[in-house]
Amino acid sequence: MKNLKFIIAFNGMKYHGFQRQPKERTIQGQLETAFKKIVDENVKITGCSRTDAGVHARNFCFNTFTKSRIPEENLVRALNSMLPSDIAVLSCEQAEQSFNARFSAKGKEYVYLINNKNNRDVFLQGLCLHYPHEINLEKMKEAAKLFIGEHDFAAFCKSENKKHELGKHGTMREIFSFEVEEKDGFVELIVRGNGFLYNMVRILAGTLIYVSEGKRTQEDITDAFKTGDRNRAGKTLPPCGLYLNKVFY
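Attention here is on the structure that accompanies the text.

1. Points about the nonpolar core
Ranked by internal contacts, the top residues of the largest apolar core, which has 70 residues, are F156 and L189. Looking at this core element by element, the count peaks at 8 residues for helix α5 (residues 200-213). Each residue touching L189, except ones within four places of it in the same chain, is listed here: Y110, V111, Y112, I114, M140, F178, E179, V180, A205 and L208.

2. A look at the packing of aromatic side chains
Applying the stated criterion across every chain, the model contains 13 aromatic pairs. Residues F153 and F156 carry aromatic rings whose centres are separated by 6.0 Å and whose planes lie at 70° to one another, so their mutual orientation is edge-to-face. Grouping residues by exposure puts F153 and F156 together as buried. An aromatic cluster of at least three residues, connected via ring pairs, comprises F147, F153, F156, F178 and F225. Above the face of the Y243 ring, R58 is positioned so that its terminal group lies 4.3 Å from the ring centre.

3. Describing the state of the cysteines
The tally for this structure, following the rule as stated, stands at 0 disulfides. Cysteine C128 remains unbridged, with the sulfur of C240 as its closest cysteine sulfur at 6.7 Å. Considering cysteine sulfurs only, C48 is the nearest to C157, which forms no disulfide, with 20 Å between them. Among the residues examined, C157 registers a relative accessible area of 8% and is labelled buried.

4. Here's the deal with the packing of helix α1 (residues 27-39) against helix α2 (residues 72-82)
At a closest axis distance of 10 Å, the pairing of α1 and α2 adopts a crossing angle of 125°. When the axis of α1 is compared with that of α2, the two are oblique. Between α1 and α2 lies a crossing whose hand is right-handed. Residue-level inspection shows A34, F35, K37, I38 and V39 of α1 in contact with α2, the latter providing L75, A78, L79 and M82. Residue classes in the contact of α1 with α2 are distributed as 8 nonpolar, no polar and 1 charged.

Reading guide: rules and limits
- Residues numbered from 1 in each chain as written.
- Predicted model: local features only at pLDDT ≥ 70, side-chain atom pairs only at ≥ 80, totals over all residues.
- Heavy atoms only, no water.
- Core = buried A, V, L, I, M, F, W, Y, C linked by side-chain atoms within 4.5 Å.
- Buried < 20%, exposed > 50% of the residue type's maximum accessible area, 1.4 Å probe, protein only.
- Helix = DSSP H or I, 4+ residues; strand = E, 2+ residues; numbered from the N terminus.
- Contact = heavy atoms within 4.5 Å.
- Phe/Tyr/Trp six-rings, centres within 6.5 Å; stacked < 30°, edge-to-face > 60°.
- Lys NZ or Arg CZ within 6 Å of the ring centre and 35° of its normal.
- Disulfide = S-S within 2.5 Å.
- Axes fitted to C-alpha atoms, helices over the stretch in contact; angles between N-to-C directions.
- Parallel < 35°, antiparallel > 145°, perpendicular 65-115°, else oblique.
- Left-handed = near helix turned anticlockwise from the far one by under 90°.
- Nonpolar A, V, L, I, M, F, W, Y, C, P; charged D, E, K, R; others polar.

Okay, here's the thing in C-alpha cells:
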C-alpha cells in the first residue's frame, strides 16, 4: 500500500470548500471521484486544510493510500485529464507511511489579494477583493507586526470553531511573519503561521482594512488579544481574495 503525496492548485469559485460534503460540490469530491475511475479503488483523501467556499489554492497538499501500481507521473496525467479545468494536479510523489497532509504540516502561508484600483476588473471577479478606496499601507504594515508571535486568536476567528477540533492548543497560534505588499494597484497580505482558525486570515485582513480606515487602532488589536472580544477586531473579508499559497513540512 503506497502513501502518495500530491500538490494541487484550484480555483475555488464554484466549490463549497475542499472537504467533501453531502449534496455539495467540493474539491475533495471531484478528486476522489476521478481517482476511483483511474485506480478502481474507493480512496480516501486527507487534505492539508479544509478551506471555505470560494477560497483558492496555489499549492494545496493532500495524501492518499492506494494499492495501484500506476507510476506517479502517469497518475498526474490521468487525473488532470479527468478533473475539471479549475483543478490541476501539479505533482505526485511517494511519501513515508506516517505522512499525513494535515497533521504533518509545520505551517502554512496564506495570501489575501486586494485590487485597489478605482475600476473593478471583470476578468478578476471571484479572484480578488475589489477595494477602490485609499489604503494606508504604513498603518497596515505597523498593525500587521502586532500579530507576529504566539497569541490567543480567539477574537480573530469565527465563533463556529468547534472546541473538539481546536486541539490541545485551543485558540493559541503562532504567526511567523505578516507582510503587506503593494504593486501596480494590487495589495497582497501575506501571512505565515503554524496554523489558522476558522476565518482567521479573512478576519486578520479585515482588521488591517479597518486600521487603514481608522475604524480600529493598534490598541484595539492589543485589547482583542487580552479580552478575546470579537468586536475589537475587524470584519471578515469575502473568501474571493484568499489563497492557500504554501504548506510547509
